[in-house]
Amino acid sequence: MAVIHRTTLTPTKLELLASWLPSRPWYRGGAEPVKAGGFRLEDPRGEVGIEFMVVTDSSGARPAAHLVPLTYRGAPLDGAEHALIGTAEHGVLGRRWIYDGCHDPVLADRLLALVEGRAEAQHQSVSDTPDPEIVRSHTGDRSSPTGLTVTDDAEGTDLVLAQDTVLRLHRVLRAAPDGPLVLPGGATGHVTGPWSMPDGSRARGLFAVLHGRPRG
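Everything quoted here is computed from the prediction, not taken from an experiment.

Colleague: For this particular structure, what's the right way to read the sheet that holds strand β3 (residues 49-57)?
Modeller: Backbone hydrogen bonds hold the strands of a sheet together, and the pairing may be parallel or antiparallel. Overall, antiparallel pairing links the six strands, which are arranged β1-β5-β6-β4-β3-β2 in an open sheet. Because the sheet does not close on itself, it has two edges, and the strands there are β1 (9-10) and β2 (34-41). Note that β1 and strand β5 (residues 84-90) share two bridges and pair antiparallel. Residue pairing across strands places L9 opposite H90, the latter belonging to β5. Along the sheet face, helix α2 (residues 105-115) touches β2, β3 and β4 (64-73) and points at about 85° away from the line of β3.

Colleague: What is the right way to look at the pairing of β3 in this model?
Modeller: Within a regular strand, the side chains alternate between the two sheet faces. Most of β3 is tucked away: eight of the nine residues are buried. As paired elements, β2 and β3 share seven bridges and run antiparallel to each other. Of the residues in β3, the one forming a bridge with V34 is T56. The pairing of β3 with β4 spans nine bridges and is classified as antiparallel. Across the sheet, E51 pairs through a bridge with L70, a residue of β4.

Colleague: For this particular structure, what's the right way to read the nonpolar core?
Modeller: Within soluble globular proteins, side chains that are nonpolar generally end up buried alongside one another. Among the nonpolar cores identified, the biggest contains 29 residues, and F39, F52, L111, L167, L169, V191 and F207 are the most heavily contacted of them. Residue assignment for this core shows that the elements contributing at least two residues are β2, β3, β4, α2, β9 (156-162), β10 (165-170), β11 (187-196) and β12 (202-211). Of all the elements, α2 adds the most residues to this core, at six residues. The residues touching L111, leaving out its near neighbours within four places in the chain, are L41, F52, L167, L169, V191 and A208. Within the second largest apolar cluster, 16 residues are counted, among which are L21, W26, I85 and V172.

So, how was this worked out
- Residues numbered from 1 in each chain as written.
- Predicted model: local features only at pLDDT ≥ 70, side-chain atom pairs only at ≥ 80, totals over all residues.
- Heavy atoms only, no water.
- Pairing = 2+ DSSP bridges.
- Helix = DSSP H or I, 4+ residues; strand = E, 2+ residues; numbered from the N terminus.
- Contact = heavy atoms within 4.5 Å.
- Axes fitted to C-alpha atoms, helices over the stretch in contact; angles between N-to-C directions.
- Buried < 20%, exposed > 50% of the residue type's maximum accessible area, 1.4 Å probe, protein only.
- Core = buried A, V, L, I, M, F, W, Y, C linked by side-chain atoms within 4.5 Å.

Right under this line is the structure:
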């Protein structure tokens, strides 16, 4: 199980994100992101830290919430220079390379495992503690990824893992309406989770949807 170290990170994740987020096509906030929720996943090899952070920002015209998957590595990820958010000094682990996790094959593999029920979401800030508020579902057979192609748009990010396997990450988060969850057509799985809004209220919505065929 991953250990959450109680130590410093310089610069902080939010300081790095304040510079990086405004450059993203899906980002609707200003330059004052606030951590508002999320969860972690385990890397079976214990080499890559995996975090799905929710950030909110109320400095724009209206409060906005976004899903920001991150990976933390002890060395640069080959071929991922374009996805590097920045480097930071960890008080225990030393220098860490922090990436937009959508471009990290370890995160993509573990997110698919979560959707398919082969992995369990972990608490964002407590070691060795599953997070029961992260809910997932899956129908059909397990997928067989053959690669990773990443595409951003104005609402989210598509992770194409195979011709018939697409993970859609909802970067712009919206609270789900009351009642049964309705998934998009063609969906074979999903992940939902909660976050805190700037006014103190709690919201829950779709984090990721698995499509069994390419999205048209």
